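# Structure assessment
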Amino acid sequence: MEFWRYTMKLRVPPNARSSARSVEGALVRIGVGVGCLHPWVELGDPDLDAQLAALKAGNDTGMTRQCRYCCALDGAARENGRSLLAEAEIPTSHGIWFDGVDEEKLEGFEFLKLKCGSDIGGELGRLKTLSNRFPTAKWRVDFNATLNRESFLAWRDGLEGELLEKIDLV
């Protein structure tokens, strides 16, 4: 097993639970196959050092088990001279809206993802404004587990008619 650490530099914080502007991960090669470890400590994952130690020791976490699986899948494809993406149809998933995004880059997306925090009134106002700016978009709203049941229900109850219909998922 070999691995190479990397740091992903972010323009905006990764989620509502973190203000980090960089996150650590590692590309892992087992045999000829390559996988990735990219823990989100803020969301409860063991940190990268713990993940790498578990991987080396064969004491799998959920993430290292998936990394081994990806390495095996990738390795088998490489040994057979086959690309895992050759026949894949990769759909347009969603554009991610954030302050400062070039809105032209979001054209053509049917779904837009909105990262939210726990300020229910502020998030409702922001969603209403953005919904007017992108009138045909459906919204995928991500609170990163910052809401409890009561605050979620308060947010949901603040969605009115047409705005509620524009929510694809939370």
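Up top is the structure.
Quick look at the structure, then. (Residues numbered from 1 in each chain as written. Predicted model: local features only at pLDDT ≥ 70, side-chain atom pairs only at ≥ 80, totals over all residues. Heavy atoms only, no water.)

## What to know about the packing of helix α1 (residues 48-57) against helix α2 (residues 62-79)
Stated formally: Working convention: axes come from line fits to C-alpha atoms, limited for helices to the stretch in contact. Angles between N-to-C directions cover 0 to 180 degrees. Only DSSP runs of H or I with at least four residues qualify as helices, and only runs of E with at least two residues qualify as strands; both kinds are numbered from the N terminus onward. Convention used here: angles under 35 degrees read as roughly parallel, angles over 145 as roughly antiparallel, angles from 65 to 115 as roughly perpendicular, and any remaining angle as oblique. Each crossing is labelled by how the near helix is turned from the far one, with a counterclockwise turn of less than a right angle marking it left-handed and a clockwise turn marking it right-handed. What makes two residues a contact is simply this: any of their non-hydrogen atoms within 4.5 Å. Any residue outside Ala, Val, Leu, Ile, Met, Phe, Trp, Tyr, Cys, Pro, Asp, Glu, Lys and Arg is labelled polar, Gly included; the first ten of those are nonpolar and the last four are charged.
One way to put it is that α1 packs onto α2 with a least axis distance of 9 Å and a crossing angle of 60°. In this view, α1 runs oblique relative to α2, as classed from their interaxial angle. Between α1 and α2 the crossing geometry is right-handed. Residue-level contacts link Gln-51, Ala-54 and Leu-55 of α1 to Met-63, Thr-64, Cys-67 and Arg-68 of α2. Considered class by class, the residues forming the contact of α1 with α2 number four nonpolar, two polar and one charged.

## Considering the sheet that holds strand β6 (residues 138-142)
Applied cut-off: When DSSP locates at least two bridges between a pair of strands, those strands are taken to pair.
In spatial order, the strands read β4-β5-β6-β7; together these four strands make up an open sheet with parallel pairing. One side of each edge strand has no neighbouring strand; the edge strands of this open sheet are β4 (95-97) and β7 (167-169). Strand-to-strand, the axes of this sheet are offset by a mean angle of 40°, without reference to chain direction. Those strands touched by helix α3 (residues 120-133) are β4, β5 (111-115), β6 and β7, and its axis lies near 155° from that of β5.

## Points about the sheet that holds strand β2 (residues 22-30)
For sheets, the rule is that strands pair by backbone hydrogen bonds, running either parallel or antiparallel. Read from one edge of the open sheet, three strands run β1-β2-β3, paired in antiparallel fashion. If you trace the sheet from one side to the other, it starts and ends with β1 (2-9) and β3 (33-37), each paired once. This sheet shows a mean twist of 25° between the axes of neighbouring strands, independent of strand direction. Taken together, the five bridges between β2 and β3 define a ladder with antiparallel strand orientation. Pairing of Val-28 across the sheet is with Gly-35, part of β3.

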